[in-house]
Amino acid sequence: MTNEISSWVSAVAVVNFDLELGQSIEHIEPSSFLLTEKERLNICYLSFPDSNSGCSGDTCYHFRVRKDYSLRESRDMMSSQHENQYYYGYVFFRQVKGEQFKRGYFQKSFVLLTKKPYVNLFSNIVQITAPQFFDSGQVAIEVALHNFMSWGEITPGKSYQVPLLGQVLAFHIPSIKDKGQPKPKEFPNHALAPKPLVLRSIFECNPYSTLKPLLPHISILWELVLLGEPIVVFGGSPKETSSLVQALVSLIAPLRYVNDYRPYFTIHDSEFQEFTSKTHPPSRVILGVTNPYFGKALQHFPHLIILDSDPDKQLKILNPKEHVNSSLKGKPGFYTRYKPHLVRDKQIKKLLRTTNEHQRPSEVEDIMLRRYLNELTHTLVIPLEQYISSLMPLQKNNKPLPATSPSTTLRTRALYSIPNGNSPKG
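Residues numbered from 1 in each chain as written. Predicted model: local features only at pLDDT ≥ 70, side-chain atom pairs only at ≥ 80, totals over all residues. Heavy atoms only, no water.

### Some thoughts on the overall build of the protein
Here's step 1: Scanning the protein from terminus to terminus reveals 12 helices and 14 strands.
Here's step 2: Here the protein holds 426 residues, and 48% of them are scored as buried.
Here's step 3: Long-range pairs, those at least 24 residues apart, make up 66% of the contacts in the protein with a sequence separation of at least 6.
Here's step 4: Of the roughly 22,900 Å² of accessible surface on the protein, a fraction of 54% belongs to carbon and sulfur atoms. (Helix = DSSP H or I, 4+ residues; strand = E, 2+ residues; numbered from the N terminus. Buried < 20%, exposed > 50% of the residue type's maximum accessible area, 1.4 Å probe, protein only. Contact = heavy atoms within 4.5 Å. Areas by Shrake-Rupley, 256 points an atom, 1.4 Å probe, with all protein chains shown as cover.)

Okay, here's the thing in structure tokens:
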């Protein structure tokens, strides 16, 4: 047991930068929450932007870090629960300049740890909770913990209206029974109650604006993600990289991306050697990085995206040979030699053209892009489903399985297993 707060939130941590000790966890709730030394170090480094990022003021982003089972359950015990092998950290980093501070800056991060990849939901939660912590101190954390524990269990298919530090959040937890994108439920609102903040999706944060620089190449990226190709995303801040990595992972929805991905990754991570080793082919992973050192460390990765400082500027496809000195400070662009199987879709051309002609609300652009990507994925999935269905016996010929025996269980697992021990959920 790790003594987590609830099924929603595992723990809340405050990470401080000490001039002599470096990053350290200053406070964590609950105090009995168990972290190994490796996990503590990883979380500390991931909770601060690289020094070269130049982040000032408030910065919000998220990371994904593998759990360390050396002092807990064995990894084999958790192999069937792929999502439980990682912690997701949602960070609110504050940097304030002032002569009264030893380094000339106040630097501290408020971090929310959870097992759930509900990026949009928890990003909103941390943006509500962290400022109140910086203004009011520990009492804000105590109230937030009480709120989290009052939310009940996570139930797929259920719509929630929950309190958080004087505000109300309204959202829907999707399930496999949902047809298409569920609309946010309209909740009755008491005249004296605060108006709820309604989240259209618990997963995505503005996918259109995030992917806008790469929209002309969206079908190529869809293929790369579907095939599990190694991709490196280089940006000027953890916010940029984490947003794009998360958007890439969601390209193939409703299929689930089962390979590894790290929205923000640092040179101090305990798995740095594993991902940068050139003694074997690149890992099937999507990495978001900000440190220029990765330009040398990840030369063997076949696909590289270097973001421009202008978020609206579209990136061109460039040959990796044009990547000057293999430095991540090179020309912004999408570096790849991949030859796509899909022809550039007319729908994307139309979407780009109409977007330039009309100033549509961002919510409309998000819906149009998500609809296009869903249709693209379904053009692949539906024929496969039809083919697999043709191989299955007719339902009227199906008979109940006999009492489960060890050999039957092994045969069933072998029949439905896929690499890494993950179930083939879509």
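Still more ground to cover, so stick around.
### With respect to the environment of isoleucine 231
Here's step 1: As for its position among the elements, isoleucine 231 is in strand β9 (residues 231-234).
Here's step 2: In this structure the C-alpha to C-alpha distance between isoleucine 231 and histidine 303, which are 72 residues apart in sequence, comes to 4.9 Å.
Here's step 3: Those residues in contact with isoleucine 231 that sit more than four places away from it in its chain are Leu224, Val225, Val285, Ile286, Leu287, Phe301, His303 and Ile305.

### A closer look at the packing of helix α6 (residues 218-226) against helix α11 (residues 362-391)
Here's step 1: Between α6 and α11, the shortest axis-to-axis distance is 12 Å and the interhelical angle comes to 50°. Judged by the inter-axis angle, α6 sits oblique to α11. Judged by the sense of rotation from one axis to the other, the crossing of α6 with α11 is right-handed. Between α6 and α11, the contacting residues are Ile218, Ser219, Trp222 and Leu226 on the first element and Tyr372, Leu373, Leu376, Thr377 and Leu380 on the second.
Here's step 2: Counted by class, the contact of α6 with α11 contains 7 nonpolar, 2 polar and no charged residues. (Axes fitted to C-alpha atoms, helices over the stretch in contact; angles between N-to-C directions. Parallel < 35°, antiparallel > 145°, perpendicular 65-115°, else oblique. Left-handed = near helix turned anticlockwise from the far one by under 90°. Nonpolar A, V, L, I, M, F, W, Y, C, P; charged D, E, K, R; others polar.)

### Considering the side chain of asparagine 42
Here's step 1: Position of asparagine 42 among the secondary structure elements: in helix α1 (residues 37-46).
Here's step 2: If we skip the residues at most four places from it in the chain, asparagine 42 touches Val65, His268, Asp269 and Ser270.

### Description of the environment of isoleucine 267
Here's step 1: Looking at the secondary structure, you find isoleucine 267 in the loop between β10 (260-262) and α8 (272-276).
Here's step 2: It is 9.9 Å that separates the C-alpha atoms of isoleucine 267 and leucine 46, two residues lying 221 residues apart in sequence.
Here's step 3: Apart from the residues within four sequence positions on either side, isoleucine 267 is in contact with Phe272, Asn291, Tyr293 and Phe294.

### A word on α6
Here's step 1: Of all 9 residues in α6, 8 are buried, a share of seventy percent or more.
Here's step 2: For α6, the complete set of buried residues consists of Ile218, Ser219, Ile220, Leu221, Trp222, Glu223, Leu224 and Val225.
Here's step 3: A positive phi of about 70° marks glycine 228, the residue just after α6.

### Side note on the sheet that holds strand β5 (residues 105-114)
Here's step 1: The strand order across the open sheet built from 5 strands is β2-β1-β5-β4-β3, with neighbouring strands paired in antiparallel fashion. Of all the strands in the sheet, the pair left with one neighbour each is β2 (22-29) and β3 (57-66). Strand-to-strand, the axes of this sheet are offset by a mean angle of 25°, without reference to chain direction.
Here's step 2: Sheet analysis places β3 next to strand β4 (residues 86-97), joined by 10 bridges and oriented antiparallel. (Pairing = 2+ DSSP bridges.)

### Quick look at the packing of helix α3 (residues 119-136) against helix α4 (residues 138-149)
Here's step 1: Where α3 meets α4, the axes come as close as 6 Å, and the angle between the chain directions of the two elements is 145°. Only Gln138, Val139, Ala140, Ile141, Ala144 and Phe148 of α4 make contact with α3, whose side of the interface consists of Ile125, Thr129, Gln132, Phe133 and Ser136.
Here's step 2: For the contact of α3 with α4, the residue count by class is 7 nonpolar, 4 polar and no charged.

### Looking at the nonpolar core
Here's step 1: Of all hydrophobic cores here, the largest spans 69 residues; its most connected members are Phe148, Phe171, Leu248 and Ile305.
Here's step 2: Per element, the largest residue contribution to this core is 9 residues, and it comes from α3.
Here's step 3: The contact partners of phenylalanine 148, leaving out residues within four places of it in the chain, are Ile5, Ser6, Trp8, Val9, Val12, Leu112, Ile125 and Leu164.
Here's step 4: In terms of nonpolar packing, the next biggest core, distinct from the first, is built from 20 residues, Ala11, Ala13, Val15 and Val65 among them. (Core = buried A, V, L, I, M, F, W, Y, C linked by side-chain atoms within 4.5 Å.)

### A few points about the pattern of salt bridges
Here's step 1: Enumeration according to the criterion identifies 11 salt bridges in this entry.
Here's step 2: Measuring nitrogen to oxygen at the nearest pair gives 2.3 Å for the salt bridge that ties arginine 370 to glutamate 204. Within this pair, whereas arginine 370 is found in helix α11, its partner glutamate 204 is found in the loop between β8 (197-198) and α5 (207-211), the two being separated by 166 residues in sequence. Like glutamate 204, arginine 370 is buried.
Here's step 3: Between aspartate 308 and lysine 313 there is a salt bridge whose closest N-O contact spans 4.0 Å.
Here's step 4: Assessed through its relative accessible area of 16%, aspartate 308 is described here as buried.
Here's step 5: Given a relative accessible area of 47%, lysine 313 falls into the partly exposed group. (Salt bridge = Lys/Arg side-chain N within 4 Å of Asp/Glu carboxyl O.)

### Notes on the pairing of strand β1 (residues 11-18)
Walk down a regular strand and you will see the side chains alternate between the two sheet faces.
Here's step 1: Across the 8 residues of β1, 6 count as buried, placing the element largely inside the fold.
Here's step 2: In this structure, β1 lies alongside β5, joined through 6 bridges in antiparallel fashion. By the bridge assignment for β5, alanine 11 is matched with leucine 113.
Here's step 3: Alignment of β1 against β2, held across 7 bridges, turns out to be antiparallel. Note that in β2 the partner of phenylalanine 17 across the bridge is glutamine 23.

### Brief notes about unusual backbone geometry
Here's step 1: Cis geometry is adopted by the peptide bond preceding proline 30, which originates at glutamate 29 and carries an omega value of 0°.
Here's step 2: Inspection of the secondary structure puts proline 30 in the loop between β2 and α1.
Here's step 3: Here the residue pair alanine 253 and proline 254 is connected by a cis peptide bond, since its omega of 15° sits within 30 degrees of zero.
Here's step 4: With respect to the helices and strands, the residue proline 254 is situated in the loop between α7 (238-249) and β10.
Here's step 5: Despite not being glycine, leucine 165 has its phi angle at roughly 50°, a positive value.
Here's step 6: Assignment of secondary structure puts leucine 165 in the loop between β6 (159-164) and β7 (167-172).
Here's step 7: With a phi angle near 50°, asparagine 206 is a residue other than glycine that sits in the positive phi range.
Here's step 8: Note on placement: asparagine 206 falls in the loop between β8 and α5.
Here's step 9: On the accessibility criterion, asparagine 206 (44% relative accessible area) is partly exposed.

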